[in-house]
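# Structural overview
Listed here are the chains, written in short residue letters.
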Protein chains: 2
Amino acid sequence: MYFIPWDTMELQIGKLSAVAIAKKYGTPLYVYDKQIILQKIQDLKDAFPNTNICYAIKANANFTLLKLIAQQGVGADCCNVVEMTLAKEAGFDMSKSVFTTVNPTNKDLEKAMQLGILINLDDISIFPRLLQYGTPQVISFRVNPGFGKGKFNEVNVGGEGSKFGMDEETLSKAYALAKESGIKRFGLHVHTGCIIFDEEYFQKLVRKVLEIAARIETSLDIRFEWIDLGSGFGVPYEPGESPIDMHHLGKVFRQAFTHPAKLIIEPGRYIVAQSGTILTEVTTVKGKFIGLDASMATLIRPALYDAYHPFILANDPEKENTESYNLVGPVCETTDFFARDRAMPKLQEGNILAIQVSGAYGFVMASRYNGQSFPAEVLIDNEKDFLIRKKETTEDLLRGQL
Amino acid sequence: MYFIPWDTMELQIGKLSAVAIAKKYGTPLYVYDKQIILQKIQDLKDAFPNTNICYAIKANANFTLLKLIAQQGVGADCCNVVEMTLAKEAGFDMSKSVFTTVNPTNKDLEKAMQLGILINLDDISIFPRLLQYGTPQVISFRVNPGFGKGKFNEVNVGGEGSKFGMDEETLSKAYALAKESGIKRFGLHVHTGCIIFDEEYFQKLVRKVLEIAARIETSLDIRFEWIDLGSGFGVPYEPGESPIDMHHLGKVFRQAFTHPAKLIIEPGRYIVAQSGTILTEVTTVKGKFIGLDASMATLIRPALYDAYHPFILANDPEKENTESYNLVGPVCETTDFFARDRAMPKLQEGNILAIQVSGAYGFVMASRYNGQSFPAEVLIDNEKDFLIRKKETTEDLLRGQL
């Protein structure tokens, strides 16, 4: 523990100095602020009363964070057998959780049946494979409403040419097949994209889904007990992006969601993104190029999506931006580039930078590329710091190799 | 072991059926053909006599493969402390190996000094940091010759705006500083890109580097004992790409390389790419979309570089291509897309596909994204198969988490 006076110039995570945390645990380092996670879950609970909130484990699967999130009484959104296993072990209530999948293996299907988790199937062809493991009490299928949205093309998962979901015609056949198989309870699932700020888009999506739901209910004489609207709630990364007013968005959803079914949402990024910071040290100052000890192996979003992350000089976050830098990592390819022409204060070797909004799709997408072993993870609870994952050793890298 | 009759219709890896290997070990699975690795190393030795060949560990760091490659008497090209540790433990001769780095940490520099490995520094600013750990016998700096080349922008690592190397003016200052520090033996390093087939480019590069070398030798009255020309030897991935005639390329190099220094090359991809195959099962046939159990977590090159890999129906590799498919994985984002409109034979659930040329920048870039634990790796030596890395278990995923 470090005592940090309130007038410190250094960036704080919780009530601790980011620089002190970096020195204690070494860099690069993933750090999470527990209070932010709790606040985000509370915001969702307040905005979406009487809703089944399922945390999308794919955003961050750190086991301590999973246990923490499970303790808040929310369910889990799992996408395969490993995530279902982790969710159960972390204490998520399986009766409130969902298995939302694309191209599942038979092992995934078998596990879902064993756990009795609500199953969202992505294609009619998967249903007969599921029946090998028994007939589920409830079944849900994923509709592709014919449109999608996303901050990047890579995370727009709706519309034509998408690998996700079924058109209404196939969807209707899937429910007919399920009904014929003796299933009597039904859900409906949609998820069309990520990092969406546009309330009108969500409104349009809800209306479209309810239209489709009504047509299927009428034509097949079934009732949907659950409607799972996925997620996609935007989180601000860039200057000029404002946080969603979750309270207002909840109202928009409630106004549009006129169906008596239980609403399910699957937020992942919204819960964990802003809680997470990567602390990284400036190793090299080479003219305009600032070499960091974090890399595309630590955080691949900039390389993969050209995603923007805020970079803050943790030693003095209020210092004036006077320089324009290229922020790069130690990996031997040009892809390992975090930011071009980024306005920053004058930097020097040994400075600690905070890569903010790194709690979602950060560690889960990390690799060991270029000898970058997995970094440690630390949880901050106000003035306390807890190591929740050790940095990998060479021994860890060799484990399982024969 | 499986006995495979010679007239099998199935794809073979070594002398074994790829389908049988997939069934024995499960999919997705990385499989390497030992004989191809040995052949590629022999090709390089034949084409580059009296050359220090350093295998670039970043291409594939499987420990069994490292030991196999070390046994062939080649050195290692390492980029950080972890790779140097692995190289030493795998039995590479450190006196023949190089540490080629960009933005190294102090731990990297300390380890390089401990091992007495030839050090290629990327910037003059790193030299004083190195001296904290002693004065090396030899020092080498990396020049950016002002141009670069690569199949993708992401792997072009030369030219203006590159994070790699120094311009000639800075380079000259770096050698002057090293000479002042009492160092008497020098090397020179260049590496400007990857997957290059163009012999003329290599010729131009060698000439340019020797011009720079001559000017620095004259102005500073030093001699280069080693010149490290990196690598970048092209490997065919796509239809229409022909393999490099390594014998001829060696001649081109020898003709252009008129300097008495010892030549060093750093091939990685060339040695391992073609030895590697990912075996993956078709889980879902959804119209034009073929769902596989391999994903962007298994092989990120298509998602990251839009890279082409050959996909072969292992059950019947000679079968006529009659369909046009989108080949996708189980990860819940649109990025998880291997190939669009790929001509293939008619596919069905349970088919085994071989993703070829996956031995380089495959497993090393893998992640655990979307609950995809690391796959197993198998080495084939003619008619024998060896498990060289176990598939990760849930227990492995939780190890190190506190």
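Nothing here was measured: the structure is a model prediction, and the numbers come from that model. (Residues numbered from 1 in each chain as written. Chains lettered and ligands numbered in written order. Predicted model: local features only at pLDDT ≥ 70, side-chain atom pairs only at ≥ 80, totals over all residues. Heavy atoms only, no water.)

### Focus: unusual backbone geometry
The step from Thr 27 of chain A to Pro 28 of chain A runs through a cis peptide bond, and the omega angle for that step is -10°. Residue Asp 221 of chain A is not a glycine yet carries a positive backbone phi of 55°. Checked against the element boundaries, Asp 221 of chain A lands in the loop between helix H8 (199-220) and strand S10 (224-228). Judged by its relative accessible area of 57%, Asp 221 of chain A is exposed. Notably, Asn 382 of chain B is not glycine yet its phi reads approximately 55°, a positive angle. Considering the arrangement of structural elements, one finds Asn 382 of chain B in the loop between strand S18 (376-381) and strand S19 (384-389). The partly exposed category is assigned to Asn 382 of chain B, whose relative accessible area is 26%. (Helix = DSSP H or I, 4+ residues; strand = E, 2+ residues; numbered from the N terminus. Buried < 20%, exposed > 50% of the residue type's maximum accessible area, 1.4 Å probe, protein only.)

### Brief notes about the sheet that holds strand S6 (residues 98-100) of chain A
Residue and element names in this part refer to chain A. Pairing in this closed barrel of 8 strands is parallel, and the strands run S4-S5-S6-S7-S8-S9-S10-S11 around the ring. Geometrically, the sheet is characterised by an average inter-axis angle of 25° between neighbouring strands, direction not taken into account. In this sheet, strand S7 (residues 118-121) lies alongside S6 in parallel orientation, the contact comprising 3 bridges. Directly across from Thr 100, in S7, lies its bridge partner Asn 120. Against the sheet, helix H7 (residues 168-180) makes contact with strand S8 (138-142), strand S9 (185-189) and S10, and its axis sits at roughly 165° relative to S8, the strand it touches most. (Pairing = 2+ DSSP bridges. Axes fitted to C-alpha atoms, helices over the stretch in contact; angles between N-to-C directions. Contact = heavy atoms within 4.5 Å.)

### Brief notes about the environment of Ala 70 of chain B
Residue and element names in this part refer to chain B. Examined against the element boundaries, Ala 70 turns out to sit in helix H3 (residues 63-71). Measuring from C-alpha to C-alpha, the distance between Ala 70 and Tyr 55 comes to 8.6 Å, with 15 residues separating the pair along the chain. Not counting residues within four places of it along the chain, the set of residues in contact with Ala 70 comprises Ala 90, Gly 91 and Phe 92.

### Observations concerning the relation of the copies chain A and chain B
Taken as rigid bodies, chain A and chain B are interconverted by a rotation of 180° and an axial shift of 0.0 Å, the fit giving an RMSD of 0.0 Å. As the rotation angle and translation indicate, the two copies are arranged about a two-fold axis. Ranked by how close their C-alpha atoms come to the rotation axis, the residues of chain A are headed by Ser 367 of chain A, at 2.4 Å. When you check the interface residues of chain A against chain B, 100% turn up at the interface there too, and the contact is symmetric in its surfaces. (Least-squares fit on C-alpha atoms with pLDDT ≥ 70 in both.)

### Notes on the interface of chain A and chain B
With 77 residues of chain A at the interface, the matching set in chain B holds 77 residues. Between chain A and chain B lies a buried interface of about 6,200 Å² when both sides are counted; carbon and sulfur atoms form 56% of it. Note that Lys 286 of chain A and Asp 122 of chain B form a salt bridge whose closest N and O atoms lie 2.6 Å from each other. In this assembly, chain A and chain B are joined by 34 residue pairs in polar contact (both at pLDDT 80 or more). Sorting the residues of the side of chain A that touches chain B by element identifies helix H3 (63-71), helix H4 (81-90), helix H6 (126-131), strand S12 (276-286), strand S13 (289-292), helix H11 (301-305), strand S19 (384-389) and helix H12 (394-398) of chain A as the ones contributing at least two each. Counting residues per element, the side of chain A that touches chain B draws most heavily on H4 of chain A, at 5 residues. (Buried area = accessible area lost by both parts, 1.4 Å probe. Salt bridge = Lys/Arg side-chain N within 4 Å of Asp/Glu carboxyl O. Polar contact = N/O pair within 3.5 Å; in protein donor to acceptor, adjacent residues only side chain to side chain.)

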